[in-house]
Amino acid sequence: MKTRPPPPAKTAPDRETRRWFGHPALSLVIAASWLLLQGSVELVHILWAVIVGLVLPWLVHGFIGAGLRPRAPWLALRLLGVVLRDIVVANVAVARIVLNPRKDPQPAWVRVPYTLQEPLAVMLLATIITNTPGTVSCVVDEERREILVHALDAPDPQAIVDDIVQRYEQPLKEILG
Amino acid sequence: MTWLQGQLPVLPVVLPLITAALLLAGGDGLDSPEVADRRAVMRTRVLSLSSIAVLLGISAALAVDAAGGDWRVYRLGEWQAPFGIVLTIDRLSAAMVLLTQAVALPVAAYACGGWDLRGRHFHALLHFQLMGLNGAFLTGDLFNLFVFFEVLLIASYVLLVHGQGRQRFRVGVPYVALNLAASGLFLIGVALLYAVTGTLNMADLAMRVGRFTGTEALLLQVGGLLLLVVFGFKAALVPLHLWLPATYAAASPPVAALFALMTKVGVYAILRVHGVVFGEGAGVSAWLAADWLLPLALGGSLLAALGALGANSLSRMIGWLTIASVGTILVAVSLYTPGAWSAAIYYTLHSTLVMAALFLVADLIAQERGRRGDRLAMAAPVAQPALLGSLLVLVAASVVGLPPLPGFIGKLMILQAATGPSAPWVWSAVLLVGFVSLLSLARAGSLVFWKVAAAPPSAQRARSGLVAATALVVLAMLGLTIAAAPLKRYTDAAAAQLADREGLARAVLGPDAGAGAVRPYRAGEDR
Amino acid sequence: MNLSIEFLLATGLGWVTACGIYLMLRGRTFPMVLGLTVLSYAVNVFIFATGRLWVGLPPILGQDRPVADPLPQALVLTAIVIGFATTGLILEMALRSRHESGTDHVDGIERQPEARG
Amino acid sequence: MIVWALDFALVAVAIAVALTGWRLLTGPEPTDRVLALDTLYINTVGLVILLGMRLGSDLLFEAALVIAMLGFIGTVAFARFLARGDVIE
Amino acid sequence: MHPLLEAVIAFLLVVGGAFSLIGVIGFLRFPDFFMRLHGPTKASTLGVGGLLVASMLWHWGMDQPALRELLITLFLFVTAPVSANLLAQAALHLRLRSKAAIPEDLDRR
Amino acid sequence: MNDLLVAIILLPLLPGVLLCHALGRANSPARRRATAWAAGAVTLTALGLLLLLAPAVFAGQTLLLHLPWVPDIGLNIGLRLDGLALMFALLITSVGSLIVLYAAYYLGSDDPAGKFFALLMLFMAAMLGIVVSDNLLLLVVFWELTSISSFLLVGYWGPQRADARAGARMALAVTGGGGLALLAGIVLLGQAGGSFELSVLLDRGDAIRAHANYPLILALILVGCFTKSAQVPFHFWLPEAMAAPTPVSAYLHSATMVKAGVFLLARLFPLIGDTTAFQYAVGGAGLVTLVFAAYVAVFKHDLKGLLAYSTISHLGLLVFLLGLNSPLAKVAAMFHVLNHATFKASLFMTAGIIDHETGTRDMRRLGGLVRYLPWTATLAMVAAASMAGIPLANGFLSKEMFFDEALRAGNRISMVVPLVAVVFGICSVAYSLRFIHDVFFNGPPRDLPRVPHEPPLFMKVPVALLVVVVVVVGVLPAVTFGPLVAVASTAVLNQAPPEFKLALWHGFNLPLLMSAIALVGGLLMYWALQNRFDLHLQHPARVTGRLLFNRGLDGLTSLSRRLTQKTENGSVQRYLALLVGAAVVVGAWAFIAGDQPSTAGSRELLPANLVAVLLWLLLVATGGALVLGHRRRVLAVVMAGGIGLITAISFEALSAPDLALTQLSVEVVSSALLLMALALLPRTTPRESSVRRRTRDGALALLGGAGVGWLAWLMLTRDHDSLSWYFLEQSIPKGGGSNAVNVILVDFRGFDTFGEITVLGIAAIGVLAMLQGMRVRRDPAPGGQHWSFAQPSLMLRMAARFILPLALAVSAYLFWRGHNLPGGGFIAGLVTAAALVLQYMAMGQSRAEALLGGDASRLFTRWIAAGLAIAATTGIGAMLLGHPFLTSAHAHPYLPLIGGVGLATAALFDLGVYITVVGATLLLFATLGAASKESP
Ligand code: NA
Ligand code: NA
């Protein structure tokens, strides 16, 4: 049995300094989720919601990166409205395609370039693209800064690109940067 | 009753767990693949051995307590049986727990000779295994028995491949797979019993099973027979024995020695479930196992003894002999008389110790034979023929049943207990098994010690610590002979106590023996 | 006979058992483990069925309604966890076995394939 | 009205489940099967929600939530496996 | 429960059930995987989303904890596109057939 | 004084064995001498003790000693010293001391003396034990001890010589096996007689002979006696045992061990003798043996072989005498025991000297040794004369008595008996003559390995002493062996024997005539064989017992090999099929052979609806697809996932929300594990089972499935009784929770859960232990292409960030409410673990583990330990307060601002569950992930 060599010098932990309330948006979401889960706004639950909202982001700080501070809340609400409306409208459109046996859709691969800086914003853009029917974000190419989108029925691919950039990417850029 | 006395029954389960948790938290000193952390290794060994020593003391105290003749019932969570889980301590379970630690202590000491460094967390796993074994022996609840079976099994899966290497993993996968399948059968069996009787407490089951007839009884019988398959498989009852020889041969020797206990768990469960629950008082389901057990055990023990004859390594031979000895025990169990059960219990004690000793002796021999190990082929002579030879002769003679060793006394007890129409079969089988075992052990011994290459004896001498640990098991075995008279009284009483369903029910379930505990379960009623 | 949930459950359970057994008896570790997994699903449902079947009556108390038998459910929970643990273990053991022996045959050696059929 | 709508939705989702099952069984691509399983999870969420309404119980919510969460994680594992040959790198 | 609320709930249920079904029909009938991928996204948005909102309203109407389903809805809206994204990548890696021509210079590292 | 009986056995057993072993470990001349001295001293002390006790025996007393050992089974330390025991004990110790002396000079300088003398002492103790046992089970104990010690003694030269190994094994097999039969016989005898103590049984002979088991008892005991005493057909081991060192042969195979069978016949004669069956069986076996072996002896070329067959023949003679229903025959037998021991031991020693001096025992090479070894030759001639039955030697006297008994038996039974006796006499003379003539005369020796010299004096002394006895007894039998024979016969007959006279001259009578015929016939026979047939080329008896035994053993061994190879072939599929098959068979047995009906019950069933039917169809189809498509493994995992999902839905719909949650989370986590494993395995399963195999498996599967389904149906169609009402009643008041399932888990049956999390913990630790050091290279993608999309998807990375805290919140919520509503520590733990696994998938293992705090295996191991410890500590807390393990306490304190708070120790227990589950699950993943990392 050999003896153990001296332990190697401890490497610096791969995490930034944690701060309480370093992720205000997340803290709010979590506290709200807690209340939603409990289905009640009794004092005891609110108290716990605050605790959970503060503790959890602190606990998983290293995993979630730096906090975000949305800049234009009203714009965000507007974007939400636009997206919800588009979901309904486009769903109906897709339903037509699906249910019409004679309709032969023209699928296409579309590259949607983006200028967003924040990865979360890119993710949101991709999410919106997929959630609005007719398009699915297939590859987010971070080097080329473009999203490869598959469109179910796109006689005019460029129209889709323009639509996405205009309706979603621009507002997102303003909100998150 | 002092506090300690009151809490005694649960300690054989809790203490190993705490020890294992401490061992895990403290690390085993093997984090770095190249070098062992000497201090951590020492700490681990000291903690492990001293914990088993304490356990041995606790088990001895339990056995002394049980010898008084009363059932000790430990109500976990302070819940009344049959609702909560109880530990039921009678002479039999106390004896098995004591036996477990008596095997474990020398085996652990033996492993400290170096085997424990050949893989991660050996001692923690050993303690988990002890927890499972003790729990299985102590529990009075059928489903809880399943849980502890799983504890001891899953620890055994890992211990089996301890030391790694191709052969161990080769047998490991089948071993686990078979046991998983068996666990499924176990659950179906338990489920059927619950589905009909509405209870899981074994004392309650023993009182209730006899009340059912018709399809209910049929369901119970299927459940009981499935459990017989499961326990028979664990006990390596022929034809469910095929997994054992290769498995035990591949296990590292201390693990194989420890596994001598594993087959006995199956025997124990058969005694509890098929001896008592489906025993005399089970109405139309009485003696459910008898039709199967006696012929299989008789034929099986002979077949296994024959298997030992052709084995090509010591450890494989010991594996076959293990099957044969369990077969002999099950022959006694299947006679369903207190005398035969007493013999079965005594022989179980013997068989466990002797097989453990054999595995350790075989390892000592293998270590001194160099590359050939324990293979039954010509090799260099061992360095200490007198020592190892004497150990082997002593242990082998007991396996064969040569007097005055405990194997002889056990077989004598079985012979004397076998009366009635099955007696000629039992006698022939027991004696023939002894004869064929004699042939194979003589062959093995003469091959190992006499048919040696003309080389000088290997320089590798067994470490004295290992020899001492082995000798400890052998001494424990010899103790069975020296103390045969009090032990016989104990096993007689244990068998009588085992058969006393009413006494058990009163002790576990209270004076009304659980009347009213099970009620019709209908929506909207009784709530 | 009217089709009953009980009938569906019993037959479905039997079918899954059969599938599990068949897979368990295959010659490679992976299907064998899958078979054991599927078999454990069936066994769990079997235990569950010992409490008989109830619809809309989960054993949550204090709502002044009858409830399903909670004991088999508790037993199944234990069985599920144990099944999970053992499945994980045999799976990783099978991996190691293949690493050691170079084959994923359950026997740890490549057997002569039987006459292909 | 609600009862009728509930039944309609239940049947619709049940048929959806059955149809998804068709894709699950027939593929043809492995991704189809994984997508089918994912869809099955999502439809199950709907099914559980409907069942909760049908039984007048609020005890099924957690099941729906957990199905949604873990179903996603399962799909990720499958998708990563298909795309990268492993689940964790 | 207020009849209007009932009507809204019933409407949402019908819409949700219908779109769940339509999504799966899409999943069934399109010729290549990338097209089929569009179907289930419907199931998760308007389909199950509708059902979830119906349930929220219904529990609210029953004086039970409501709004909890919002959490599931939110969750599905976030995760379903990720699933689709990953499965699309898998399909691209597997070089599955696509009716629309896949860009030649696709970077698949 | 009776306590000395124990000392007589214990002396050689403990001081004897231990001293000899200790002294003889080093092989220096001084040590060898010391060892021999120790052995000699022990033997002589034992002899001295016997002589001390002898007067009492001669005075007609029987010394008894009884100490309990295992009285319940009749095994006790019961010792007796009567005439029979005394005679044999004196024989054992006196010949023993001569043998020690002889062996001290016989053993070569390479032969380990310690081993030899220790074993010799062991044997002596066992032999003494046999003869002084009063308890018959104790007698069996010593009986088998002689088998073992003789095995070791015969195999003394095993490391060098194959014949020694074979001889030892054969001796053990035959005598040890016979011992087992003897054991059976003795147990039956004891059951028939009601005791195992001879002193009790001696008066119950009639009862035993009248017992129904008497024939069986007799047969079993005779098998024991005949194997030990080498009676035909069990005789073949004795010549093989001649591979032993000569002192061993002289001691065991002439004077003592082989006489054990004779002794036992004599010992048990009052119990089982004196019946027609006994007379025919014993007398017949003896008669056959004595003539057969005498005839064979003539044709042996090996000195010791000749002596061995001669011994068998004389043992036959003894057995024959004991079988006769004649009291005087017993006297003759006792007398011959002594006589045979003296002349045969001396002849063996002579043979040893010749072997020692010339290096061979082959009479075809020996000759004319009288010139080299005159003293030895003289001694040998006297001893051989006794063997041949020449007057003035003691052998003559007992042979005369034998002829006399043969004649009397002839009168009663058949005149064949005296004829056979004469043939025996002729052969005896012939082989004795050959022994002397071929060795000491008959021309010069032929190329001997060594030039012989007279051996050391002390090697001849024992021979000389014995030869003196031969002659003195031959001349003065009455005053020498007379008294001993008298007391011994008294013991055998259990009464005084009829008057008898031991004297050299009996007058001219028929026996004397027979002796004369034998002498002349023997001379003629030897002459004829030597000159007419060239005896040296003769090879009698090709089909020997040895051959049969070896064939039998080989056959048995190869049968064993074939059997094990056929059945235990390492095929898991077969073992599993057997297990399933066994379950199917016993289940079917209960249905078919049992007498209970199998009918569905009358419970009101739940009507099926469309959703249920559709799900059922999906389940059936998924199962079928799983079986049919299982060779595509990813597909199989998907199908299994589908089955798991449908199971979860069923649980949810059938009032088991906790089960649904658990099943679902376990199912997803298992799928992920399966996929990780699949990454390191082939993607497809080869098609390799034969149609037959698949048909068998399919049949088994369908039978098993049908059985389980039918059982479920029988169960589901009838109402049930249960103790569950108690849980429903007590959950809230005593368990402090309204989720009955959870309260059962953490409280009523918390012990199960305690075991269950232990299993989970062990599994994870086990995986860590099993995969230690494993690094595998992943296979390239199917088709050999490179893997795409190395960078994890940005969407996944971002989603994972969002999901982790949310999942933790959900976990906390599930944990929080578990006691009252569906949820609990286990589900919460799995959700947490799954969320962390998602992190692993999104950001890679090394980064995730760095964030978690470094060395994952150590970290998660500690989590497991902590979880288990917390759960245990919760239980122990109750113990410290004097309650049983896991006793829970709960309270609902009212806190300002917060309101009522439910606090239960069970929640702490559940926390232990939670931590264990998280730790174990992550350890499973982390270990597997680490193993599948590309090796650096
Ligand atoms: Na409790
Ligand atoms: Na549990």
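Nothing here was measured: the structure is a model prediction, and the numbers come from that model.

*Asks:* Requested: an account of the overall build of chain C, with residues and values cited.
*Replies:* When helices and strands are tallied, chain C shows three helices and zero strands. Starting at the N terminus and walking to the C terminus, you meet the elements of chain C as α-α-α. The C-alpha radius of gyration computed for chain C amounts to 19 Å, which surpasses the reference 13 Å derived for 117 residues by more than 25%, pointing to a less compact arrangement than a globule. Expressed as lengths along the three principal axes of its C-alpha atoms, the size of chain C is roughly 65 × 35 × 15 Å. Within chain C, buried positions represent 78% of all 117 residues. Looking at chain C alone, contacts between residues at least 24 apart form 49% of all its contacts between residues at least 6 apart. Across chain C, the 8 positively charged side chains and the 9 negatively charged ones have centroids separated by 6 Å.

*Asks:* Go over the coordination of the sodium ion (ligand 1) with me, naming the residues and quoting the values.
*Replies:* Around the sodium ion (ligand 1), the protein contributes the donor atoms F:D747 (OD) and F:L886 (O), at 2.2 Å from the metal centre. With F:D747 in helix α30 (residues 740-748) and F:L886 in the loop between α35 (856-880) and β4 (890-891), this pair connects stretches of sequence that are 139 residues apart.

*Asks:* Kindly report on the nonpolar core, identifying the contributing residues and their values.
*Replies:* Counting 787 residues, the largest nonpolar core has F:F117, F:I272 and F:F751 as the members making the most contacts within it. The element contributing the most residues to this core is helix α7 (residues 166-197) of chain B, with 21 residues. In contact with F:I272, other than residues within four places in its own chain, are F:L189, F:I208, F:R209, F:Y214, F:I217, F:L218, F:I221 and F:F278.

*Asks:* With reference to specific residues and values, describe the UniProt feature "domain: NADH:quinone oxidoreductase/Mrp antiporter transmembrane" (unreviewed entry) in chain B.
*Replies:* The positions UniProt marks with the feature "domain: NADH:quinone oxidoreductase/Mrp antiporter transmembrane" (unreviewed entry) are residues 140-432 of chain B. Overall, residues 140-432 of chain B shows 75% helix and 0% strand. The separation of its end C-alpha atoms is 37 Å.

*Asks:* Explain the pairing of strand β2 (residues 75-81) of chain F to me, using residue names and the numbers behind them.
*Replies:* All names here are of chain F. Across the seven residues that make up β2, a large majority, six, are buried. Bridging between strand β1 (residues 63-70) and β2 involves seven bridges; their strand directions are antiparallel. Looking at β2, one finds that H66 is bridged to G78. Connecting the antiparallel pair β1 and β2 is a turn made up of four residues, with G74 showing a positive phi of about 85°.

*Asks:* Requested: an account of helix α5 (residues 136-154) of chain F, with residues and values cited.
*Replies:* Under the 1.5 Å per step criterion, the end-to-end length of α5(F) is 27 Å for 19 residues, consistent within 8% with the ideal 27 Å. Burial of α5(F) is extensive: 19 of the 19 residues sit out of reach of the surface.

*Asks:* Which residues make up the coordination of the sodium ion (ligand 2), and what are the values?
*Replies:* Surrounding the sodium ion (ligand 2) are the protein donor atoms F:E756 (OE) and F:E756 (OE), which sit 2.6 to 2.9 Å from the metal. If you trace the backbone, F:E756 turns up in helix α31 (residues 750-770).

*Asks:* Let's hear about the interface of chain F and chain B: which residues, and what values?
*Replies:* The partner chain B presents 127 residues to the 112 residues of chain F that form the contact. Of the roughly 10900 Å² buried between chain F and chain B on both sides combined, carbon and sulfur atoms contribute 74%. For chain F, the biggest contributors to the area lost against chain B are F:L579, F:W725 and F:F751; these three give 7% of the whole. Taken together, the connections running from chain F to chain B amount to four salt bridges. Examining the composition of the side of chain F that touches chain B, we find that 14 residues originate from one element, α31(F), more than from any other. Judged from the three bridges that link them, strand β3 (residues 519-521) of chain B and strand β3 (residues 720-722) of chain F form a sheet pairing that is antiparallel. Following the sheet pairing, B:P520 is matched in β3(F) by F:D721.

*Asks:* How would you sum up unusual backbone geometry? Please name residues and give values.
*Replies:* With an omega dihedral of 5°, the bond running from B:A81 to B:P82 counts as a cis peptide bond. With respect to the element layout, B:P82 can be found in the loop between β1 (72-75) and β2 (86-89). Here the phi dihedral of F:L886 falls at roughly 70°; this positive angle occurs in a residue that is not glycine. Classification of F:L886 as buried rests on a relative accessible area of 7%.

*Asks:* Requested: an account of the sheet that holds strand β3 (residues 146-151) of chain A, with residues and values cited.
*Replies:* All names here are of chain A. With antiparallel pairing, three strands are arranged side by side in an open sheet as β1-β3-β2. Looking at strand neighbours, the two that pair on one side only are β1 (108-113) and β2 (135-141), the edges of this open sheet. Going across the sheet, the axis of each strand differs from the next one's by a mean of 25°, ignoring polarity. Pairing analysis gives six bridges linking β1 to β3, with the strands arranged antiparallel. Within β3, the position partnered with V112 by the bridge is I147. Sheet contacts for helix α5 (residues 119-131): β2 and β3; angle to β2, the most-contacted strand, approximately 155°.

*Asks:* Please set out the UniProt feature "transmembrane region" (unreviewed entry) in chain C residue by residue, giving values where relevant.
*Replies:* Residues and elements named next belong to chain C. The positions UniProt marks with the feature "transmembrane region" (unreviewed entry) are residues 6-25, 32-54 and 74-95. Secondary structure across residues 6-25 divides into 95% helix and 0% strand, with the first and last C-alpha atoms of the span separated by 28 Å. Within the segment residues 74-95, helix and strand shares are 100% and 0% respectively, and the terminal C-alpha atoms sit 32 Å apart.

*Asks:* Explain the pattern of salt bridges to me, and be specific about the residues and the numbers.
*Replies:* Residue and element names in this part refer to chain F. Scanning the model with the defined rule gives 47 salt bridges over all chains in all. The closest approach of N and O atoms between R80 and D82, which form a salt bridge, is 3.2 Å. What makes R80 buried here is its relative accessible area of 5%. The closest approach of N and O atoms between D404 and R408, which form a salt bridge, is 3.0 Å. Taken together, the positions of D404 and R408, both in helix α17 (residues 394-412) and four residues apart, correspond to about one turn of that helix.

*Asks:* Explain the interface of chain A and chain E to me, and be specific about the residues and the numbers.
*Replies:* On the side of chain E, 38 residues touch chain A, which itself brings 41 residues to the contact. Our count for the chain A to chain E interface comes out at one salt bridge. For E:K99, the salt bridge is made with A:D104, and the minimal N-O distance between the two is 3.1 Å. Those elements giving two or more residues to the side of chain A that touches chain E turn out to be α1 (24-38), α4 (73-99), β1, α5, β2 and β3 of chain A. Among the elements that make up the side of chain A that touches chain E, the one with the highest residue count is α4(A) (nine residues).

*Asks:* Describe α7(B), with residues and values.
*Replies:* Spanning 32 residues, α7(B) covers 47 Å between terminal C-alpha atoms, matching the ideal 46 Å at 1.5 Å per step. Residue B:G198 follows α7(B) closely and has a positive phi angle near 75°.

*Asks:* I'd love a proper account of the packing of aromatic side chains, names of residues and values included.
*Replies:* Enumeration over the complete set of coordinates arrives at 55 aromatic pairs over all chains. Centroid distance B:F186 to B:F231: 5.4 Å. Interplanar angle 85°. Geometry classified as edge-to-face. Taken together, the residues B:F186 in helix α7 and B:F231 in helix α9 (residues 214-234) connect sequence positions 45 residues apart. By relative accessible area, which is 1% here, B:F186 ends up buried. Given a relative accessible area of 0%, B:F231 falls into the buried group. Between F:Y726 and F:F727 the ring centres are 6.3 Å apart and the planes differ by 80°, which places this aromatic pair in the edge-to-face class. In this pair, the class of F:Y726 matches that of F:F727, namely buried. Here a set of aromatic residues connected by ring pairs shows up, and it is made of B:Y157, B:Y175, B:F233, B:W243, B:Y248, B:F259 and B:F359. A cation over an aromatic ring shows up here: F:R603 above the ring of C:W54, its NZ or CZ 5.2 Å from the ring centre.

*Asks:* Break down the confidence of the model for chain C for me, with residues and values.
*Replies:* Residue and element names in this part refer to chain C. On average, residues of chain C carry a pLDDT of 91, and 94% of them reach 70 or more. The element-level mean pLDDT for chain C is lowest in helix α3 (residues 70-101), coming to 94, with helix α1 (residues 5-24) highest at 97. Two summary scores accompany this predicted model of the complex, namely pTM at 0.94 and ipTM at 0.94.

*Asks:* Got a sec to walk through the arrangement of the chains? Specific residues and values, please.
*Replies:* Highest in contacts among the eleven pairs of chains that touch are chains B and F. At the level of C-alpha atoms, the two units chain B and chain D stay apart, their nearest approach being 17 Å. Kept free of each other, chain C and chain E leave a smallest C-alpha distance of 13 Å between them.

*Asks:* Which residues make up the packing of helix α14 (residues 338-368) of chain B against helix α16 (residues 406-417) of chain B, and what are the values?
*Replies:* Residues and elements named next belong to chain B. The N-to-C vectors of α14 and α16 enclose an angle of 165°; their axes lie 8 Å apart at closest approach. If you check the angle between α14 and α16, you find them roughly antiparallel. Seen from above, α14 lies across α16 with left-handed handedness. Residue-level contacts link G339, A340, S342, A343, Y346, Y347 and H350 of α14 to P406, G407, I409, G410, K411, M413, I414 and A417 of α16. Within the contact of α14 with α16, the residues separate by chemical class into nine nonpolar, five polar and one charged.

Rules used in this analysis
- Counting of residues starts from 1 at the beginning of each chain's written sequence and follows it residue by residue.
- To read the labels, note that chains go from A and ligands from 1, taken in the order they are written.
- Owing to the predicted nature of the model, reporting of local features is limited to residues with pLDDT of at least 70; listing and counting of side-chain atom pairs is limited to 80 or more, with chain, interface and lining totals taken over all residues.
- Each side-chain value is worked out from all heavy atoms of the structure, with water and hydrogens disregarded.
- Put simply, DSSP H or I for four residues or longer makes a helix, DSSP E for two residues or longer makes a strand, and each gets a number counted from the N terminus.
- Radius of gyration means the value over C-alpha atoms here, while the globule rule gives 2.2 Å times the residue count to the 0.38 power.
- Each residue gets one of three labels from its accessible area relative to the maximum for its type: buried under 20%, exposed over 50%, partly exposed in between, using a 1.4 Å probe on protein chains only.
- Any two residues whose heavy atoms approach within 4.5 Å at even a single point are treated as in contact.
- Lys and Arg are tallied as positive, Asp and Glu as negative. Neither His nor the chain termini are counted.
- Just so you know, the charge point we use is NZ for Lys, CZ for Arg, CG for Asp and CD for Glu.
- Keep in mind that water is not among the atoms, so a site may look incomplete; donors are the N, O and S atoms within 2.8 Å of the metal, or 3.2 Å for Na, K and Ca.
- Here, nonpolar core refers to any group of buried Ala, Val, Leu, Ile, Met, Phe, Trp, Tyr and Cys residues whose side-chain atoms link them within 4.5 Å.
- UniProt positions are given in the numbering used here, feature names are shortened, and annotations may be inferred rather than shown by experiment.
- Any two strands with at least two DSSP bridges between them are considered paired.
- Expected span of a helix: the number of residues minus one, times 1.5 Å.
- Values labelled buried area give the accessible surface lost by two parts on being combined, using a 1.4 Å probe and summing over both.
- Within this document, salt bridges are pairs made up of a side-chain nitrogen of Lys or Arg and a carboxyl oxygen of Asp or Glu, the two lying within 4 Å of each other.
- Axis lines are fitted through C-alpha atoms, for helices just across the contact stretch, and the angle between N-to-C directions can take any value from 0 to 180 degrees.
- Geometry of aromatic contacts follows a simple scheme: Phe, Tyr and Trp rings, the Trp one being its six-membered ring, pair when their centres are within 6.5 Å, and the pair is stacked under 30 degrees between planes, edge-to-face over 60, tilted otherwise.
- Comment: the charge-over-ring label is applied if NZ (Lys) or CZ (Arg) is within 6 Å of the ring centre and within 35 degrees of the ring normal.
- Confidence of the prediction at every residue is given by pLDDT, a number between 0 and 100.
- Under this scheme an angle from 65 to 115 degrees is roughly perpendicular, one under 35 degrees roughly parallel, and one over 145 degrees roughly antiparallel; angles in between are oblique.
- If you view the pair so one helix is near and one far, a crossing is left-handed when the near helix is turned anticlockwise from the far one by less than a right angle, and right-handed when it is turned clockwise.
- Three categories are distinguished: nonpolar for Ala, Val, Leu, Ile, Met, Phe, Trp, Tyr, Cys and Pro, charged for Asp, Glu, Lys and Arg, and polar for the others, with Gly belonging to the last.

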